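Structural features, examined
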Amino acid sequence: MLRFLPREEKFFSLFSELADNIVKAAELLKEIVVNQIDAEITARSIKKLEHINDHLTHEIVNKLNKTFITPFDREDIYLLSMKLDDVIDYIESAASLIVIYKIKTFTNEIQSLADIIVKSAKQVQAGIMELHQIHHVLPICIEINRLENEADAVFRQGLAKLFEGTVDTINIIKLKDLYDDMELATDRCEDVANILETIAVKNQ
Amino acid sequence: MLRFLPREEKFFSLFSELADNIVKAAELLKEIVVNQIDAEITARSIKKLEHINDHLTHEIVNKLNKTFITPFDREDIYLLSMKLDDVIDYIESAASLIVIYKIKTFTNEIQSLADIIVKSAKQVQAGIMELHQIHHVLPICIEINRLENEADAVFRQGLAKLFEGTVDTINIIKLKDLYDDMELATDRCEDVANILETIAVKNQ
Amino acid sequence: MLRFLPREEKFFSLFSELADNIVKAAELLKEIVVNQIDAEITARSIKKLEHINDHLTHEIVNKLNKTFITPFDREDIYLLSMKLDDVIDYIESAASLIVIYKIKTFTNEIQSLADIIVKSAKQVQAGIMELHQIHHVLPICIEINRLENEADAVFRQGLAKLFEGTVDTINIIKLKDLYDDMELATDRCEDVANILETIAVKNQ
């Protein structure tokens with residue numbers, strides 16, 4: 001079993017911070033689409049979290065390039081930070097689309113997707129916390145995969161409804177973009193799960 | 001020249017299975033758009049093939065993480081399985097769009113793209129079979145690249161026709177999405193060809 | 001400090017050629033949207049530059065697979081050539097969309113994006129020239145990041161304007177695609193900057 005040595009602490013705490021901010025951003029997005037809190041102000045808060053993560057990611061990659069011995073395989077640390085970055089980018093992009101497109105009414109599918117994104121983000125956070133316990137990581141990865149399948153089904157149902165004749169073309173275009181970004185956020189969580197599993201299996 | 005040792009057989013047979021299922025999925029997609037067989041039932045069959053490939057890919061990655069000596073460079077095996085996964089994902093996504101969007105009329109360009117996808121998938125299958133014979137792999141990679149260029153030309157022609165004034169806006173949106181997924185399936189075949197070439201050149 | 005040995009010269013000159021062609025392609029795209037020079041003829045010239053880069057990239061990857069000692073980490077050379085390829089692909093795709101969609105009027109945002117793409121391409125070119133001087137590379141990477149943020153803001157402003165009511169639906173669809181490709185070209189320049197930084201930091 002893998003034991004964290006002192007020099008590894010820093011990587012670990014940087015990844016935890018990244019995951020914490022992803023959960024916060026996901027919860028803010030859910031606030032916009034479920035509780036209808038002010039989209040413009042909230043999207044700015046999400047943008048700030050995304051910027052903080054950009055800096056943290058930069059710190060991880062720099063540290064990685066300067067560190068001879070790393071707690072996990074170098075390429076897995078690199079991939080993990082890139083994919084965590086993608087997750088928050090899609091959350092931020094979804095929030096910003098709501099502002100740019102002035103979307104005021106949120107379909108059941110948008111609300112469900114926001115909920116699934118929060119759940120996936122929390123699983124990602126848990127996965128990073130439990131990275132040294134392989135028998136804890138694997139069920140988390142399975143759950144993230146299940147959530148991605150659920151998001152895909154919701155996405156496809158939402159897409160089908162858009163074309164049933166009640167939505168005007170301009171709103172079809174807007175909502176399709178929003179569905180896309182939200183579904184991609186859960187897709188990238190699945191990518192994160194795959195890397196977490198790889199790290200856990202290699203270090204078991 | 002590379003010789004397959006017993007321990008390598010398993011990787012090889014898993015990749016063959018992945019490629020076989022990609023060919024089957026591509027042929028089913030062509031059945032939908034050329035022979036107009038029931039899209040809903042056929043899309044479900046393609047979905048099943050995609051699920052099987054998900055499990056096979058998972059098996060490859062797990063095996064990879066637990067195997068000390070691999071037949072090819074570890075990162076090439078990883079990349080190859082990821083890109084093969086992308087190919088069937090786009091084929092499945094195209095089939096599901098036909099169902100979700102209730103597309104009943106298939107343009108010449110959609111039929112041509114389906115045909116090119118089948119041809120590319122068969123070349124991918126051949127490339128994996130011939131992986132140990134570099135002088136067989138290279139012409140296959142060249143052919144996959146040629147097919148991707150052909151798909152790109154068909155895609156652009158189809159896109160131009162959509163905007164000639166005879167297609168209504170809703171159908172432009174639907175068909176553009178379908179063209180996109182089909183063109184991306186051939187793009188990912190080209191990515192597979194690049195990795196096959198890398199493996200072949202490294203092991204010559 | 002890293003010194004280029006004779007055997008490294010070839011990689012270096014291939015990367016310089018790639019970057020030179022990206023700058024040329026970006027300048028041609030700007031000519032189309034700012035100076036309204038013939039789109040069809042110019043898009044063909046861009047396509048030719050893209051083809052040349054395909055061959056150069058192929059040469060780099062082949063050389064990489066056959067070379068035992070490389071000037072930088074093998075995976076960084078590979079990633080750098082892939083991402084440089086993506087940059088010119090998006091420039092070419094933007095130019096070809098202008099032809100396919102018969103776009104004749106270019107918004108301020110399209111003109112700004114073209115200008116930012118030229119600036120980013122020139123920074124990429126400079127970054128590759130200065131790869132052995134880490135204190136020169138880092139400010140270049142920071143500038144490419146700044147340009148990507150600028151492009152993102154222009155992109156979002158352009159998107160918002162599309163939906164203000166004065167643009168018809170067909171043109172919304174067309175211009176959204178063009179904005180997408182142009183924004184993605186600057187995104188890929190940022191990916192290039194990240195790899196340049198990685199190479200510079202590792203070799204300092």
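Calculation rules
Residues numbered from 1 in each chain as written. Chains lettered and ligands numbered in written order. Predicted model: local features only at pLDDT ≥ 70, side-chain atom pairs only at ≥ 80, totals over all residues. Helix = DSSP H or I, 4+ residues; strand = E, 2+ residues; numbered from the N terminus. Rg over C-alpha atoms; globule rule 2.2 N^0.38 Å. Buried ≥ 20, exposed ≤ 12 C-beta atoms within 10 Å, placed from the backbone. Contact = placed C-beta atoms within 7 Å. Nonpolar A, V, L, I, M, F, W, Y, C, P; charged D, E, K, R; others polar. Least-squares fit on C-alpha atoms with pLDDT ≥ 70 in both. Core = buried A, V, L, I, M, F, W, Y, C linked by C-beta atoms within 7 Å. Axes fitted to C-alpha atoms, helices over the stretch in contact; angles between N-to-C directions. Parallel < 35°, antiparallel > 145°, perpendicular 65-115°, else oblique. Left-handed = near helix turned anticlockwise from the far one by under 90°. pLDDT = per-residue confidence, 0-100.

Looking only at helices and strands, chain A features 6 helices and 0 strands. For chain A, whose C-alpha radius of gyration is 18 Å, the value lies close to the compact-globule estimate of 17 Å for 204 residues. If you line up chain A on its principal axes, its C-alpha atoms span 60 × 30 × 25 Å. Buried positions account for 44% of the 204 residues belonging to chain A. The long-range fraction of contacts in chain A, counting pairs at least 24 apart against all pairs at least 6 apart in sequence, stands at 83%.

As a further point, take the interface of chain A and chain B. Each partner contributes to the interface: chain A provides 10 residues, whereas chain B provides 10 residues. The set of elements that each furnish at least two residues to the side of chain A that touches chain B consists of helix H5 (134-162) and helix H6 (169-202) of chain A. Per-element accounting of the side of chain A that touches chain B gives the leading share, 6 residues, to H6(A). Residue classes in the side of chain A that touches chain B are distributed as 6 nonpolar, 2 polar and 2 charged.

The interface of chain C with chain A comprises 10 residues on the first partner and 10 residues on the second. Counting only elements with at least two residues in the side of chain C that touches chain A, the list comes to helix H5 (134-162) and helix H6 (169-202) of chain C. Considering every element that reaches the side of chain C that touches chain A, the biggest residue donor is H6(C), with 6 residues. Among the residues making up the side of chain C that touches chain A, the classes are represented as 6 nonpolar, 2 polar and 2 charged.

Moving on, we get to the relation of the copies chain A and chain B. For these two chains of identical sequence, chain A goes onto chain B by a turn of 120 degrees and a shift of 0.0 Å along the axis, with RMSD 0.0 Å. Both chain copies can therefore be described as sitting about a three-fold axis. Scanning chain A for the C-alpha nearest the rotation axis identifies Thr169(A), at a separation of 4.4 Å. When the interface residues of chain A are mapped onto chain B, a mere 20% of them again lie at the interface, so each copy presents a different face.

Turning our attention to the nonpolar core. Side chains of a nonpolar character, in soluble globular proteins, are inclined to be buried together. Residues Leu29(A), Ile91(A), Leu29(B), Ile91(B), Leu29(C) and Ile91(C) are the most contacted members of the largest nonpolar core, which totals 184 residues. What Leu29(C) contacts, discounting residues up to four positions off in sequence, is Ile46(C), Ile91(C), Ala94(C), Ala95(C), Ala114(C) and Ile117(C).

Moving on: the packing of helix H4 (residues 108-129) of chain C against H5(C). Residue and element names in this part refer to chain C. For the pair H4 and H5, the least separation of the axes is 9 Å and the interaxial angle reads 165 degrees. Overall, the two elements H4 and H5 adopt an arrangement that is roughly antiparallel. For H4 against H5, the interelement crossing comes out left-handed. Counting all contacts with H4, which are made through Glu109, Ser112, Leu113, Ile116, Lys119, Ser120, Gln123, Val124, Ala126 and Gly127, the residues of H5 involved are Val137, Ile140, Cys141, Glu143, Ile144, Leu147, Glu150, Ala151, Val154, Phe155, Gln157 and Gly158. A breakdown of the residues in the contact of H4 with H5 according to their chemical character gives 12 nonpolar, 6 polar and 4 charged.

Turning our eyes to something else, we now look at the environment of Ile110(B). All names here are of chain B. By the element assignment, Ile110 lies in helix H4 (residues 108-129). Residue class for Ile110 comes out buried when judged on the 23 C-beta atoms lying within 10 Å of it. The spatial distance from the C-alpha of Ile110 to the C-alpha of Tyr78 is 31 Å, given a sequence separation of 32 residues.

Now for the confidence of the model for chain A. Residues and elements named next belong to chain A. Considering every residue of chain A, the mean pLDDT works out to 92; 96% of them sit at 70 or more. For chain A, helix H2 (residues 39-66) is the element with the lowest average pLDDT, namely 93, and helix H4 (residues 108-129) is the one with the highest, namely 97. Scored below 50 in pLDDT, residues 1-6 shows 6 contacts in the model against residues more than four places distant or in partner chains. Model confidence for the complex is summarised by a pTM of 0.93, with the ipTM given as 0.89.

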